[in-house]
Amino acid sequence: MDTRVDRYSLVTSLENIVGKDAVFTRAADLLVYEYDGSVDGAVETAMPAAVALPTTAQQVADIVLLARRANLPVVARGAGTGLSGGAVPQQGGIIIGLTRMNRILEIDRDDRTALVEPGVINLELSEATIPHRFFFAPDPSSQKACTIGGNVAENSGGPHCLKYGVTSNHILGLEVVLPDGRIVWTGGRAAGISGYDLTGAMVGSEGMLGIVTKALVRLTPMPEATLVLLAPFADIDSASHATTRIISAGIVPAALEMMDNLTIQAVEPAYHAGYPMDAGAVLLIEIDGIADDVRGTGEEIATICAEAGATEVRSATSQAERDLLWKGRKMALGAMGRLAPNYYLHDTVVPRSKLPATLRRVDEISRDFDLPIANVFHAGDGNLHPLMLFDRRIAGSTERVLEASKEIITYCVEVGGALSGEHGIGTEKSGYMTMVYTADDLAAMAGLKNSFDPAGMFNPDKIFPKGYMCGEVRALRMQAMAQKLGIHAL
Amino acid sequence: MPSNESRVESRKSRERTGSIDGIVADEVVAPEDPQAVAAVLADAAACGHAVAPVGGGTALGLGNPPERIDLILSTLNLGGIIDYEPSDLVLSIGAGARFGDVQAVLGEHGQRLPLDPPGGADATIGGLIATARWGPLRYSNGTLRDLLIGIAVAHPSGTVSHAGGMVVKNVTGYDMPRLYLGSLGTLGVVVSANFKVLPRPRAEATIVASFHGAEEAFSQGNRLRGGREPLAALEVALVDDRWLLAARIEGRERTVDDVAGRVAAFCGGDIVRQNGWSSAEWWAEYVSRQQPTAGDHSVIVRCGGRPKETAILAAGIVAAMDTIDVAVPSLAASPGLGTVVARLELGAVGSRERLAGVQDVLLGLADTATILAAPPSWKQGLDVWGRLPEGFDVMQSLRQQFDPARTVNPGRFAGFL
Ligand SMILES: Cc1cc2nc3c(=O)[nH]c(=O)nc-3n(C[C@H](O)[C@H](O)[C@H](O)COP(=O)(O)OP(=O)(O)OC[C@H]3O[C@@H](n4cnc5c(N)ncnc54)[C@H](O)[C@@H]3O)c2cc1C
């Protein structure tokens, strides 16, 4: 910390900005802020110097200016459900918690937009818009807890992103506090705003470019008809082949999710969703649109599934039946506690035609490492979530889990996949970035970071490999670039 | 350092001189691979030269007149398909590929990019990305922004960077593809791009209802928009003194038939129904009206506001232009988006001052007002992009980070970046 601002004056300054009841500095109060939803061991924990819970954008800006003077990093935090360590303050500093900025400011039915504060809970936004026959399409499984600000920062997805797209496709504009304390709008209601797409750059930037204080989001009209199909298969292989065939037949379901036998073992006894306990895997497929189309597409999918070896295809049209089928999927993570004390939920993506082979490889890795792995994931997007079950108390088990994850990542990258489909890089996967990106690729990303935050004040040590953004490396890179350009005084 | 070889290589494919907005370049190069593009850029940066990338040449009039051009960089040698996996519905393609050719290849597999930008078949993929153009299909399918999953860009630093990949969902690092989209080359020259593609609809139809007044056309349009019929596009347009309401329907055969029937019955007015090919052609012609025709004095502007106020914006433009003696021979409004694209005739006395006056009036009516096309001499000194965006200094830093010598397209982008 800069000596110009000692701890005492930091606390009083924060209290002056947000009020006494909105500043936390005692170790006991800070404990929860050392973590997010990630697994201990996969992500290092770190303690902030202070946590402040502002209620206005101006307060956020004032805290940022204070942090600047004190030379302290700033980390934005929503609900802390992130799974890649994004909200963990690697270098300490001030956490700006946005949970008290939780108002839905406007729902505009004609323009099909909602203006919300960043602390609004994802599900609450949909619940508020459903009476108007609209919903907010991104639906992460954590939607009962996670915030819109967190969704924006991680570019979160969910089951229905197969048809409707991820968070980025639903953000029209953002009010952002920049590292210099200014409050600016990017994007907006009107099309054709000039200049670079700063909204596009902000979404998925993991809190490293700016702090979102308002979001203008797109609302999606509720479909006329919805059908959910449940197709059990004898094994994962035939379920993944069915997935590949549905996609290559040019059908775009609203959602296409897979759960394997281990998942069913955890979920079915807990929620009685109706998944056959002896199935090797089930596909849960939702189709929506106008009634005729839904019926026709449903029949096509049922045929493909049957040809791929589905033991039956059950369809649910009533809201209650559909909800029950979905309940098992949505509660799957919660049910894992029945199988093991700890789990590590992994997130990678592969081209959809590579699903069958990838799942076979995951199974191999599970056997090689003697580690049960459940698969419950967004099959239609090729977005895997291998879920490793373990007991942290057993010595060496966390290390084994990390080794196995590395194997999985390596395979996914080899077949043309990506490190993360929706959970982000954070610190969890920053070490893997060089596996998919060259130094030049990372330099371009650094160029974006430096344009917003040249001092590296917002959420340091995320996304980039350790040490990458430190002064020395940056200086070397600048030198190399200057040489290339034939400029010497850079 | 760019090798001499690559420079020689590029010179070999040298075509002829070229010009943008009347500014002539001495040299045209057409590099054959991404690394050679980067070498050309680095070379130019080192010499303080200005480079203007050119693809299909369908939107060269977009933007402010270039401050200078020393070199035109044609992307046409960066064509081919890099990777196409029909079963994965993903495509990787060189920036120089023509949009029409790409659609033809996809069409063989019953797939497409659901886009209908002005400039159409002749535009290159790189050009479409650089200008981020869209057409009426945005109503249901969004834009390139929703389809772009990966990109490779050659930078004036002499490097080629990649971002994204060949998967449909990806948060591995910052979303660089969206940053480059619409940046008009000012952060680097797009050399290839990856897309998520979609199945081609099995059938399509278009219902065109024609009305005497704008009000009726818009009110029916708004009711259609608020209703439940699934439309691929919905436009209200002024063509030959008639106001048209056009609805495009895509999907399964039976659905298209049913929906088209219901829409036609709903619209009232004089109805014309087009099916299949003729529906597609109707839209191709519709969009082509938003393209400047070579050599004429047409001014094309695009204004944007709140979607629910599209009718007010369109009427406002017609009325305001009337008071300053500017004719509006045709106009296309997108009620789902809040935009109005209008062709304006400033008459024989058109001038820079007149155009500036028009822009002022439009900025008073709309949130955004972009001059998409105008005679170069009228554009001098104007920022055709309209209002300076918020966060402009961040944009300046971006330009500084990616292209410190302002090598690519100096002056052409928003705020004369
Ligand atoms: C059980 C469970 C299931 C999950 N399922 C899914 C899923 O299906 N799909 C999915 O995509 N994710 C899922 N996640 C991950 C997580 O819920 C999402 O990433 C979510 O968007 C994070 O929101 P949050 O409010 O908890 O953010 P946090 O965890 O608090 O923060 C995440 C990141 O966002 C930044 N941030 C937060 N608010 C702001 C702001 N206002 N401005 C700028 N930056 C900000 C933080 O700095 C951090 O980098 C799941 C998590 C759990 C625990």
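On a predicted model such as this, the values are computed, not experimentally measured, just so you know. Per chain, the residues get numbers from 1 upward, laid out in the order the sequence is written. The order in which chains are written sets their letters, starting at A; the order in which ligands are written sets their numbers, starting at 1. Thresholds applied to this predicted model are a pLDDT of at least 70 for local features of residues and 80 or more for the giving and counting of side-chain atom pairs; totals over whole chains, interfaces and linings are not thresholded and use all residues. The side-chain quantities take in all heavy atoms of the structure and omit both hydrogens and water.

### Topic: the overall build of chain A
Note the cut-off: Think of it this way: any DSSP run of H or I at least four residues long counts as a helix, any run of E at least two long counts as a strand, and we number them from the N terminus. For this measure, only C-alpha atoms enter the radius of gyration; the expected value for a globule follows 2.2 Å times N^0.38, where N is the number of residues. Three labels apply to residues, based on accessible area from a 1.4 Å probe with only protein chains included: buried if under 20% of the type maximum, exposed if over 50%, partly exposed otherwise in between. By definition in these notes, contact holds between two residues if any of their heavy atoms fall within 4.5 Å. Working definition of accessibility: Shrake-Rupley area with a 1.4 Å probe, residue cover restricted to the visible protein chains. The sign given to each residue is positive for Lys and Arg and negative for Asp and Glu; His and the chain ends receive no count. Each charge is placed at NZ for Lys, CZ for Arg, CG for Asp and CD for Glu.
Assigned secondary structure in chain A consists of 17 helices and 20 strands. Its C-alpha radius of gyration of 23 Å places chain A within 12% of the 23 Å reference for a compact globule of 490 residues. With the C-alpha coordinates aligned to their principal axes, the bounding extent of chain A is approximately 70 × 55 × 55 Å. Across the 490 residues in chain A, those meeting the buried criterion constitute 61%. Of the contacts made within chain A by residues no fewer than 6 positions apart, 72% connect residues no fewer than 24 positions apart. As presented, chain A carries roughly 17,600 Å² of accessible surface, and 52% of it is formed by carbon and sulfur atoms. One way to put it: in chain A the 42 positive side-chain charges average out to a point 4 Å from where the 58 negative ones average out.

### Points about the domain arrangement of chain A
Residue and element names in this part refer to chain A. Which entries qualify depends on this criterion: Domain borders in the structure are assigned automatically or taken from a domain database. By convention, the term buried area covers the 1.4 Å-probe accessible surface removed from two parts as they join, with the contributions of both added. Pairs of N or O atoms are called polar contacts if they sit within 3.5 Å, as long as, within protein, a hydrogen donor faces a hydrogen acceptor (for residues adjacent in sequence, only side-chain-to-side-chain pairs).
In terms of domains, chain A is made up of domain 1 (7-97), domain 2 (104-221), domain 3 (225-394) and domain 4 (432-485). For domain 1 and domain 2, the distance between their C-alpha centroids amounts to 22 Å. Taken together, the contact between domain 1 and domain 2 spans 16 residues of the former and 15 residues of the latter. Between domain 1 and domain 2, a total of about 1,100 Å² is buried, with carbon and sulfur atoms accounting for 68% of that surface. It is A57, V64 and T81 that lose the most area in domain 1 upon contact with domain 2, and together they represent 30% of the buried surface on that side. For the pair domain 1 and domain 2, the interface holds one residue pair in polar contact (both at pLDDT 80 or more). Of all elements in the fold, only α3 (57-70) and β3 (74-77) reach the threshold of two or more residues within the side of domain 1 that touches domain 2. Here the side of domain 1 that touches domain 2 gets seven residues from one element, more than from any other, and that element is α3.

### Digging into the domain arrangement of chain B
A common way to express how large an interface is: the accessible area buried when the components associate. All names here are of chain B. Splitting chain B by domain gives domain 1 (3-199), domain 2 (203-288) and domain 3 (299-379). If you average the C-alpha positions of domain 2 and of domain 3, the two centres end up 24 Å apart. Taken residue by residue, the interface counts 11 residues in domain 2 and 13 residues in domain 3. Each partner contributes to the roughly 980 Å² buried at the junction of domain 2 and domain 3, and carbon and sulfur atoms together form 59% of this total.

### Regarding the side chain of R302(B)
What counts, and what does not: A pairing counts as a salt bridge when a side-chain nitrogen of Lys or Arg comes within 4 Å of a carboxyl oxygen of Asp or Glu.
With respect to the helices and strands, the residue R302(B) is situated in strand β17 (residues 299-304). Put simply, R302(B) is tucked away with no salt bridge, and the nearest opposite charge, on E235(B), sits 11 Å away. Beyond its immediate chain neighbours, meaning those up to four positions away, R302(B) contacts G192(A), W134(B), V340(B), V341(B), T368(B), A369(B), T370(B) and L372(B).

### Side note on the sheet that holds strand β6 (residues 113-116) of chain A
Residues and elements named next belong to chain A. Here is the rule: Each pair of strands is called paired provided DSSP finds at least two bridges between the two strands. Every angle, taken between N-to-C directions, lies between 0 and 180 degrees, and every axis is a line fitted to C-alpha atoms, over only the stretch in contact when it is a helix.
Taking strand neighbours across the sheet as the criterion, the five strands line up as β5-β6-β10-β8-β9 in an open arrangement whose pairing is antiparallel. Looking along the sheet, the strands with just one partner apiece sit at the ends: β5 (104-108) and β9 (183-187). Strand-to-strand twist across the sheet, computed as the mean angle between neighbouring axes with direction ignored, equals 15°. Where β5 lies against β6, four bridges are found, and the strand directions are antiparallel. Note on β6: the bridge partner recorded for D108 is T113. Seen against the sheet, α3 touches β8 (171-177), β9 and β10 (211-218) and runs at an angle of roughly 50° to β8. Lying on the sheet, helix α4 (residues 122-129) is in contact with β5, β6 and β10; it crosses β5 at an angle near 40°.

### Comments concerning the interface of chain A and chain B
Applied cut-off: Any residue outside Ala, Val, Leu, Ile, Met, Phe, Trp, Tyr, Cys, Pro, Asp, Glu, Lys and Arg is labelled polar, Gly included; the first ten of those are nonpolar and the last four are charged.
Taken residue by residue, the interface counts 86 residues in chain A and 75 residues in chain B. Carbon and sulfur atoms supply 54% of the area that chain A and chain B bury against each other, a total of about 6,600 Å² over both sides. Counting every contact that joins chain A to chain B gives 12 salt bridges. With a closest N to O distance of 2.6 Å, K308(B) and D108(A) form a salt bridge. At the boundary of chain A and chain B, one finds 31 residue pairs in polar contact (both at pLDDT 80 or more). Elements with a minimum of two residues in the side of chain A that touches chain B: β5, β9, α7 (198-202), α8 (236-248), α10 (291-307), α15 (433-436), α16 (439-452) and α17 (471-485) of chain A. Of the residues contributing to the side of chain A that touches chain B, the split by class is 36 nonpolar, 29 polar and 21 charged.

### Some points on the packing of helix α13 (residues 355-368) of chain A against helix α14 (residues 397-414) of chain A
Residue and element names in this part refer to chain A. Condition: Orientation is classified from the angle alone, with under 35 degrees giving roughly parallel, over 145 giving roughly antiparallel, 65 to 115 giving roughly perpendicular, and any other angle giving oblique. Crossings are sorted by hand: turned counterclockwise from the far helix by less than a right angle, the near helix makes the crossing left-handed, and turned clockwise it makes it right-handed.
Where α13 meets α14, the closest approach of the two axes is 10 Å, and the angle between their N-to-C directions is 160°. Relative to α14, the element α13 lies roughly antiparallel. Here α13 and α14 pass one another in a crossing that is right-handed. Of the residues in α14, those in contact with A357, T358, R361, V362 and I365 of α13 are A404, E407, I408, Y411 and C412. Here the contact of α13 with α14 is composed, by residue class, of seven nonpolar, one polar and two charged.

### Quick notes on helix α11 (residues 319-330) of chain A
All names here are of chain A. Our working rule: Here the expected span of a helix is defined as 1.5 Å times the quantity of residues minus one. Relevant arc is that of directions from the helix axis to the C-beta atoms, nothing else.
Taking 1.5 Å per residue as the helical rise, α11 with its 12 residues ought to reach 16 Å, and the 15 Å between its terminal C-alpha atoms agrees with that figure. By the burial criterion, the buried members of α11 are R322, L325, W326, G328 and R329. Each buried residue of α11 sits inside an arc of 150° when the element is viewed along its axis, so together they form one side.

### Description of the nonpolar core
Our working definition: Think of a nonpolar core as a cluster: buried Ala, Val, Leu, Ile, Met, Phe, Trp, Tyr and Cys residues, connected wherever their side-chain atoms sit within 4.5 Å.
Counting 176 residues, the largest nonpolar core has L113(B), I125(B), I129(B), M176(B), F195(B) and L344(B) as its most contacted members. Among the elements that line this core, the one with the most residues is α14(A), at seven residues. By size, the runner-up hydrophobic cluster in this structure holds 32 residues, among which are L14(A), A50(A), L53(A) and A67(A).

### As for the packing of aromatic side chains
Stated formally: Aromatic contacts are taken between Phe, Tyr and Trp rings whose centres are within 6.5 Å, Trp giving its six-membered ring; a plane angle under 30 degrees counts as stacked, one over 60 as edge-to-face, and the others as tilted. Note on criteria: charge over ring means Lys NZ or Arg CZ within 6 Å of the ring centre, with the direction from the centre no more than 35 degrees off the ring normal.
Within the structure shown, the criterion is met by 10 aromatic pairs over all chains. Centroid distance W282(B) to Y286(B): 5.4 Å. Interplanar angle 15°. Geometry classified as stacked. One end of the pair, W282(B), and the other, Y286(B), are both in helix α9 (residues 276-288), four residues apart, so they sit about a helical turn from each other. For W282(B), a relative accessible area of 17% corresponds to the buried category. You can call Y286(B) buried: its relative accessible area is 2%. Here a set of aromatic residues connected by ring pairs shows up, and it is made of Y196(A), W385(B) and F413(B). In this structure, K330(A) is placed above the aromatic ring of W326(A), and the distance from its NZ or CZ to the ring centre is 5.9 Å. Over the ring of W134(B) we find R138(B), and its NZ or CZ is 4.4 Å from the ring centre.

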